[in-house]
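The chain contents come next:
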Amino acid sequence: MTTINLPLDGKIVPYALTGTPIELKKREAKSFPRIAFAAAHVVADPLADNDPWLTPAIDWERTLAFRHRLWDLGLGVAEAMDTAQRGMGLGWPEARELIRRALAEAGSRKDALIACGAGTDHLAPGPDVTIDTIIRAYEEQIETVEAAGGRIILMASRALAAAAKGPDDYIRVYDRILRQVREPVIIHWLGEMFDPALQGYWGNGDHLKAMETCLQVIESNAAKVDGIKISLLSKEKEVTMRRQLPKSVRMYTGDDFNYAELIAGDEQGHSDALLGIFDAIAPAASAALDALGRKSNREFFDLLEPTVPLSRHIFKAPTRFYKTGVVFLAYLNGLQDHFTMIGGQQSTRSLVHLAELFRLADKARVLADPEMATARMKQVLAVHGVH
């Protein structure tokens, strides 16, 4: 049995690994009963001669290889989302190149499901930013994605959150943009727990009142909306909204705390998925969706429910730092050779947090090679003075 000494409650205590890794098996998205996107992270280049806080450096080979891994498991790729550090180190020039490269890779295979984030993050919020300025910023990014043959995930806008005087400004922007898009989009409502700059989105700090405005936009443009992803970490709010959507519009769960039960659904419907945690637990997500397709609900929950404590830990407050846990797990699983992130974001979580992540990943059976993961965990511990 593999053991490792880990920090816990101010002490260093032994931990014995018990998890049997979930089998890595190729699957196709069309075999799943739900559409499932994983919001994919980017792999930093640790050998670049750059200033990490100021200039992103991306390992393109490893970044794109990770997307192929997700496609091999039957998962879609939600590209250039907040999981890829949009707004936290990854700027629009790098996101634009990421989108271009990922779409080219997707075009090289027949089974690649992909949609790309388009927002306004190249537009700095400020007193001189008008609603028309925001519309033009959205149009620029949408044009880039569509010109490369991509589908749109319409991201929330910090600039709009800062400039809008109320719900009418949101309606004006979204109505204008949705009338122009070539294909139905996925709207992304990212909550303030993920990005504090988005407080009061849709013109109201009360999520249920904000939901009314969002639903008005969707109902007025239903033919141009494939679905909506809400990231509010509230299953009650998601179900409330899901039951009010037009029949043609999907709910994509962005709830990294309650995704298992939301995907399974109830007698009145279910959620599809667009989740950052699916980056980290891709083999478990793939196997669980396969089980759900075989109508083996018990197996679905047996596979997915143990990952929920891990996800809740990775996404604990401050939630915006969840990317660190996602990348750390990729490092433990040998999907990249280092624990380095764009913007130096590997420093946003403590060693104690990472140690608990290791324990929960083992219990969730998402450590692909426990011995390798243990060896890599020991290297991180050594850097922090724990031997």
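Residues numbered from 1 in each chain as written. Predicted model: local features only at pLDDT ≥ 70, side-chain atom pairs only at ≥ 80, totals over all residues. Heavy atoms only, no water.

With that out of the way, let us pick up the overall build of the chain. Across its full length, the chain holds 15 helices and 10 strands. Scaling as 2.2 N^0.38, a compact globule of 387 residues should have a C-alpha radius of gyration of about 21 Å, and the chain matches this with 20 Å. Considering only C-alpha atoms, the chain reaches an extent of 60 × 50 × 45 Å along its principal axes. The buried share of the chain, reckoned over its 387 residues, is 57%. The contacts in the chain between residues at least 6 apart in sequence include a share of 70% that link residues at least 24 apart. Carbon and sulfur atoms form 49% of the exposed surface of the chain, whose accessible area is close to 16,100 Å². Computed over 45 positive and 50 negative side-chain charges, the separation of the two mean positions in the chain equals 3 Å. (Helix = DSSP H or I, 4+ residues; strand = E, 2+ residues; numbered from the N terminus. Rg over C-alpha atoms; globule rule 2.2 N^0.38 Å. Buried < 20%, exposed > 50% of the residue type's maximum accessible area, 1.4 Å probe, protein only. Contact = heavy atoms within 4.5 Å. Areas by Shrake-Rupley, 256 points an atom, 1.4 Å probe, with all protein chains shown as cover. Lys, Arg positive; Asp, Glu negative; His and termini not counted. Charge placed at Lys NZ, Arg CZ, Asp CG, Glu CD.)

Moving on, we get to the side chain of glutamine 141. Mapped onto the secondary structure, glutamine 141 falls in helix H3 (residues 131–147). A polar atom in the side chain of glutamine 141 sits 2.7 Å from the backbone nitrogen of glycine 119. (Polar contact = N/O pair within 3.5 Å; in protein donor to acceptor, adjacent residues only side chain to side chain.)

An ideal rise of 1.5 Å per residue puts 16 Å on 12 residues; helix H10 (residues 282–293) measures up with 16 Å between its terminal C-alpha atoms. Extensive coverage of H10 is indicated by the burial of 10 of its 12 residues. Turning to H10, its buried residues are Ala282, Pro283, Ala284, Ala285, Ser286, Ala287, Ala288, Leu289, Ala291 and Leu292. Elements that come into contact with the buried residues of H10 comprise strand S3 (36–39), helix H1 (60–72), helix H8 (259–264), helix H9 (277–280), helix H11 (297–304) and helix H12 (307–314). (Expected span 1.5 Å × (residues − 1).)

Glancing now at the pattern of salt bridges. If you walk through the whole model with that rule in mind, you get 22 salt bridges. Taking the shortest distance from any N to any O, the salt bridge between arginine 67 and glutamate 79 comes out at 2.6 Å. Within this pair, whereas arginine 67 is found in helix H1, its partner glutamate 79 is found in strand S4 (residues 76–79), the two being separated by 12 residues in sequence. On the basis of relative accessible area, arginine 67 is assigned to the buried category, the value being 0%. Note that aspartate 111 is salt-bridged to arginine 109, the shortest N-O span being 2.7 Å. Classification of aspartate 111 by relative accessible area gives partly exposed; the value is 29%. Among the charged side chains, a network of salt bridges with common partners joins Arg27, Asp290, Arg294 and Glu299. (Salt bridge = Lys/Arg side-chain N within 4 Å of Asp/Glu carboxyl O.)

Moving on: the nonpolar core. Counting residues in hydrophobic clusters, the biggest one holds 130 residues, and the most contacted among them are Tyr174, Trp189, Tyr201 and Phe278. At 8 residues, H10 tops the list of elements feeding residues into this core. If sequence neighbours within four positions are ignored, tryptophan 189 has contacts with Tyr201, Trp202, His207, Ala210, Met211, Cys214, Ile228, Lys229, Ile230, Ser231, Leu232 and Met241. (Core = buried A, V, L, I, M, F, W, Y, C linked by side-chain atoms within 4.5 Å.)

Before going further, it helps to examine the sheet that holds strand S7 (residues 185–190). The parallel closed barrel is built from 8 strands, whose spatial order is S3-S4-S5-S6-S7-S8-S9-S10. Ignoring strand direction, the axes of neighbouring strands in this sheet form an average angle of 30°. When S3 meets S4, the two strands line up parallel, connected through 3 bridges. The residue bridging alanine 38 from the neighbouring strand is valine 77, located in S4. (Pairing = 2+ DSSP bridges. Axes fitted to C-alpha atoms, helices over the stretch in contact; angles between N-to-C directions.)

Quick look at the pairing of S7 now. Most of S7 sits out of view: 6 of its 6 residues are buried. Burial of S7 is two-sided: the residues Val185, Ile187 and Trp189 facing one way and the residues Ile186, His188 and Leu190 facing the other way are all buried. By the bridge criterion, 2 bridges tie strand S6 (residues 152–154) to S7 in an arrangement that is parallel. Pairing of leucine 154 across the sheet is with isoleucine 187, part of S7. Across 6 bridges, S7 lies against strand S8 (residues 225–231) in parallel orientation. The partner of leucine 190 across the bridge, within S8, is serine 231. A crossover connection joins S7 to the parallel S8 through helix H6 (residues 207–220); in handedness this β-α-β unit is right-handed. (Right-handed = clockwise from strand over helix to strand, strands pointing away.)

Let us now look at unusual backbone geometry. Each neighbour pair has its own omega, and for alanine 317 with proline 318 the value is -10°, a cis peptide bond. Following the sequence through the fold, proline 318 ends up in the loop between H12 and helix H13 (322–332). Look at tryptophan 202: it is not a glycine, yet its phi comes out positive at around 70°. When you line up the elements, tryptophan 202 lands in the loop between S7 and H6.

Throughout the structure, instances matching the rule amount to 15 aromatic pairs. Summarising the aromatic geometry, the rings of tyrosine 201 and tryptophan 202 are spaced 5.5 Å apart at their centres and angled 80° between planes, so their arrangement reads as edge-to-face. Measuring from centroid to centroid gives 5.1 Å for phenylalanine 300 and phenylalanine 301, while their planes differ by 80°, and the two rings are edge-to-face. For phenylalanine 301, a relative accessible area of 22% corresponds to the partly exposed category. Among the aromatic residues, ring-to-ring pairing joins Tyr138, Tyr170, Tyr174, Trp189, Tyr201 and Trp202 into one connected group. When the ring centre of phenylalanine 321 is taken as origin, the NZ or CZ atom of arginine 320, which lies over that ring, is 4.8 Å away. (Phe/Tyr/Trp six-rings, centres within 6.5 Å; stacked < 30°, edge-to-face > 60°. Lys NZ or Arg CZ within 6 Å of the ring centre and 35° of its normal.)

The values reported here are purely geometric and, on their own, carry no functional implication.
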